[in-house]
Amino acid sequence: MAEPRKRQRVSHVSNVSQTSSNSVENMFTDSQPDGTGAEGRFVEGSILRITMKNFLTYDYSVVHPGPNLNMILGANGTGKSSIVCAICLCLAGKTAVLGRGDKVGLYVKRGCNKGFIEIELYKSGGNVVIYREIHVENNQSLWMLNGRHCNQKAVEEEVKALRIQVSNLCQFLPQEKVGEFAKMSKIELLEATEKSVGPPEMYEYHCELKNFRNKERDLENVVKEKASFLEKAKQRNERNKHDVNRYYEKKRHLDVIELLEKKKPWVEYETTRKDLEDVKKARDEAKKQLSALKQAQAPMLRKIQLIDNQLKPTEAQIKTKTLAIKEASLKCKQKQDQLDRKHKEIEDIKQTLRLKQMEEEDHQKRISNTRLTIEDLKTELSKVGDQPDVTPRINAVNVELRHIQQERAKIEGEKADLRREQDNLCAESRMLEKKLRDMNNMMNAKEEKLRERHRDTHAALQWLRQNRTLFSGNVYEPMMLVINVKDNRFAKYVETHISFHDLRAFVFQKKDDMEKFMIEVRDKLNLKVNSISAPEESCSKRPPSRRIESLRRFGFFTYLREMFDAPEEVMSYLCHQYRVYDVPVGNEQTKSMIKTVIEEPYLKVLYTTEERYTVKRSFYSNKISTSNSAVHPSQYLTITVDAVEKQQLEQNMKACDLKLRDINERMKALQKEAAALDRRDNELLAEKKQLCELKGKKRQLEQKISTKQDSLRQMEQSVIDLKKVEEETKEKIAAVNTHKVSIVAAIMAQMKLRAKLTMEKVYLALETVGLTAEKTKLENDCREGASELKTTDQKCSRLEQRKVQLTEQCKGLLKTAKSICRMQPDESLPEDLHNAFSKLPDTLDEIDSMLNEERSRAECFTGLSESVVDEYNRREQEIKHLDKELEEKSNALNAYRQNISEAKERWLNPLKQLVEQINDKFGDFFRSMQCVGEVDLHSENEEEYDKYGIRIRVKFHSSTQLHELTAYHQSGGERSVSTILYLMALQELNRCPFRVVDEINQVLSLSHTNT
């Protein structure tokens, strides 16, 4: 590190932005380069100039760093870190190095379409000027190197050549990465130190050494595996050697079995062939005997044939006579049926006569009964005396009936009106029920989203619904279920403003209820859920800092609280925790006026159409800094249910139910009134009927007497003439008898014809019997010789079948024998097989006996197969191959170990020297503060090169021991001091052009930082 200069450096910064006017003033401790004298103190790669336009907080600014220590001082939000961001991005660094926005377009000043950065680096042969222009629209960059267009790769190569490493935390430490530096592991710190202050080849040697070690480890494993596999292969082959010998002994027995099996079909073929010759001789002798028997029986067979010729025409005549007899019998039956029908016709005529006689008898009885009825009616008419006039009473009854009818009509009209009203109310109730069901379905959809995202919360919700009576105060389901956004377009603002942890949290009115809930759900059911206790004092009605009317000129149209409904306790919590009553929401006009809007007091969080802005004011300088983020589309609150409308629907449903109950009660009352009217109506109708009957009884009796007298006269005029009917009946019976005589004559003629045909058939049958007897006698004579003939014929057939069977069997056996011996069909038995067969038995019994013996011996060798021998031979080859491979791998391993030893010498000795130098500087700095600090090279195993690391140990108090620097043991201030002193120790070695540290106090704890 160069010796600090006492002369204060004058700032040379061209600044157009008001925001950054005080940020870089008086911030350097050396003079601007002013020719050869100043440039002589710069090293290659030092920054001579930084130019920024429309970059973060700067409109336009030029910074000229000095060759030694440069410090930039200023209040929060004045642009100190903006200069660090410019250095990183212009030297081809990634946005991830800075830990801020991931898109380069976010570094352009808000409201501008593009910006640029330009850095001039010192180089002895001519300075290097790097220019980067950033476009917001597509996050693209335009690069220039020394005034010529180029790509980012060319800039990266030029920066690397100057030994600049903006991704190395030991060289470039942005504000957001200071904490990460303190948390670096020993291994990461070693690699960063190698890259920063070590020779260029040191880190390469380290990587090469780690690769060598990995390959050595792989080779060691390979050698061990191959040696182990080789030993196991030799042991297995030694065990299998006895099995191989037994296998060959078994194979000799199997060869004998194979020869026996080949010879057996030949012996079977020869045996069958001899049997075939014997069958042929027996068949020829049987044929000669059969021919002699057939010649002896020929005359008797001719006589039997002659009788058969005589019998055929006689049997034909018998069949003809039989058909004629059947036809005559059929005609007799038909005539008999006609005769039976005539008998029935006569019976029908007689039945008709009897019916006429009975009808006349009934007619006379009806006339007598009618006369008696007329006498009775006349007697009753004479008894009917003078009766009082019932007409006035009938009129009174009619008047009362009409009155009842009118009352009934009124009731029916009222009932019809009530039914129409009931139908309308039912239709309205169904419509309201459907709307409520739709709203409940929307709530179910929100609940389903909760179940998919966080099953534990959904399980706790089900438990709460079943056990709500356990709690004394109000308990609300997760916020995402009870919050109802009035317009789903605004759901994204509410969901962005409230964290998901709170959206899925249960809200309790009382803390005791919350503790009881967490014990049951979290401790007993082991569910991960969030719960919230509402403020004791309600905050839901808090007024905003400013009325929304005063903000409408900026495009604000409402506060976040007005966009949604929620229960009292939930709204109170959101107002208390998220100040939703004081978060305005604007439109595109707000976005266009954002510079003016953020100057407004009392605005800490605000929303435009697509963005959220957070405004902070510096505690020191009252300067404003803002951050913005995109408003993402809503995932859970887009399903909106109007709570007021739902409540109104429920009230309407209750009103409908009340009206329906009133209508039903009124309908029952009207029904009772109608029933009473019906009873009175029935009574009056009965009374009217009696009066009418009494009034019209005399007239009815006179009408009945007149009617009966007319009926009597008609019956007396319609008397039946029985004599005439009897004469007509006799004439009909005589006509039918005439037809019966002709039918009987026809029947007699057919019976005579049938008798004649029957006699003729008998004569023919007698003739047939004589011929048949003669034929039977001849057949009996032939049967004695036929038995011997049949026996001989059957014998010939059996011998012929046996001959065919043996012939096929011989062919099959021959084919099988040649097939087993792998011979062609026309090939004769080879000489070697003939010689081998001659040494074996010649009979089937001897062959079978020897086969059984050899098979029994072969079966004694169990568990053996040809694969055992193949495996033994294959393993022998593998053993030879493995011996060769093991030797090659062992030689390669020895060569790698030699290379590792050489690479270790090249890397480890310079590294130890480098660490000793860093330790000396680091220790000197600590001793100057009356503290102790050490830096050493640490490794648990010298051969594990990827485990090497730099260990920093410090002691800030005399009463304590040296402790390794970690993110947990030392305080934030101790870690901060240790980090800066380690970087100063590296700077003393001066291996890089510059180092950047942004706000080292970031390592401090929050309490120390504020103080």
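You'll find the structure just up there.
Residues numbered from 1 in each chain as written. Predicted model: local features only at pLDDT ≥ 70, side-chain atom pairs only at ≥ 80, totals over all residues. Heavy atoms only, no water.

J.: Got a minute to help me understand the pattern of salt bridges in this structure?
T.: Oppositely charged side chains are able to pair whenever their charged atoms sit close together. Throughout the structure, instances matching the rule amount to 35 salt bridges. The salt bridge involving Glu 327 is made with Lys 331; its shortest N-O contact spans 3.9 Å. Here Lys 331 and Glu 327 lie together in helix α8 (residues 298–383), a separation of four residues that amounts to about one turn. Judged by its relative accessible area of 47%, Glu 327 is partly exposed. Here Arg 579 ties to Asp 582 by a salt bridge, and the two come within 3.2 Å at their closest N and O atoms. Relative accessible area serves as the criterion here: at 9%, Asp 582 is assigned to the buried category. (Salt bridge = Lys/Arg side-chain N within 4 Å of Asp/Glu carboxyl O. Helix = DSSP H or I, 4+ residues; strand = E, 2+ residues; numbered from the N terminus. Buried < 20%, exposed > 50% of the residue type's maximum accessible area, 1.4 Å probe, protein only.)

J.: Would you mind going over the packing of aromatic side chains with me for this structure?
T.: Two aromatic rings, taken as a pair, are described by how far apart their centres are and by the angle between their planes. Enumeration over the complete set of coordinates arrives at 14 aromatic pairs. When the centroid spacing of 6.2 Å and the interplanar angle of 75° are considered together, the rings of Trp 463 and Phe 471 count as edge-to-face. Here Trp 463 falls in the buried class, since its relative accessible area comes to 14%. Judged by relative accessible area, which is 8%, Phe 471 ranks as buried. Three or more aromatic residues link up through ring pairs in this structure, and these residues are Trp 463, Phe 471, Phe 506, Phe 508 and Phe 517. (Phe/Tyr/Trp six-rings, centres within 6.5 Å; stacked < 30°, edge-to-face > 60°.)

J.: I tried to follow the packing of helix α10 (residues 455–466) against helix α14 (residues 511–524) on my own but got confused; where do I start?
T.: Geometry of a packed helix pair, given as the angle between the helix axes and the separation of the axes. Two numbers describe how α10 lies on α14: the axes approach to 11 Å, and their chain directions differ by 125°. Looking at the two axes, α10 sits oblique to α14. As for the relative orientation of α10 and α14, their crossing is right-handed in sense. Touching Ala 460, Trp 463 and Leu 464 of α10 are Phe 517, Glu 520 and Val 521, all from α14. Tallied by class, residues from the contact of α10 with α14 come to five nonpolar, no polar and one charged. (Axes fitted to C-alpha atoms, helices over the stretch in contact; angles between N-to-C directions. Parallel < 35°, antiparallel > 145°, perpendicular 65-115°, else oblique. Left-handed = near helix turned anticlockwise from the far one by under 90°. Contact = heavy atoms within 4.5 Å. Nonpolar A, V, L, I, M, F, W, Y, C, P; charged D, E, K, R; others polar.)

J.: Even after reading the chapter, I still don't get a negative patch on the surface, so can you show me in this structure?
T.: On the surface, Asp 721, Glu 726, Glu 727, Glu 728 and Glu 731 cluster together into a negatively charged patch. Its place among the elements puts Glu 726 in helix α19 (residues 722–820). The partly exposed category is assigned to Glu 726, whose relative accessible area is 33%. (Patch = residues over 30% accessible without salt bridge, like charges linked within 9 Å, V, L, I, M, F, W, Y side chains within 5 Å. Areas by Shrake-Rupley, 256 points an atom, 1.4 Å probe, with all protein chains shown as cover. Lys, Arg positive; Asp, Glu negative; His and termini not counted. Charge placed at Lys NZ, Arg CZ, Asp CG, Glu CD.)

J.: For this particular structure, what's the right way to read the sheet that holds strand β19 (residues 932–938)?
T.: Strand order in this open sheet of three strands is β19-β20-β21, and the pairing throughout is antiparallel. Two strands bound the open sheet, and with one partner strand each, they are β19 and β21 (963–964). Where strand β20 (residues 949–955) and β21 come together, two bridges link them in antiparallel fashion. Residue pairing for β21: Arg 953 is matched across the bridge by Glu 964. (Pairing = 2+ DSSP bridges.)

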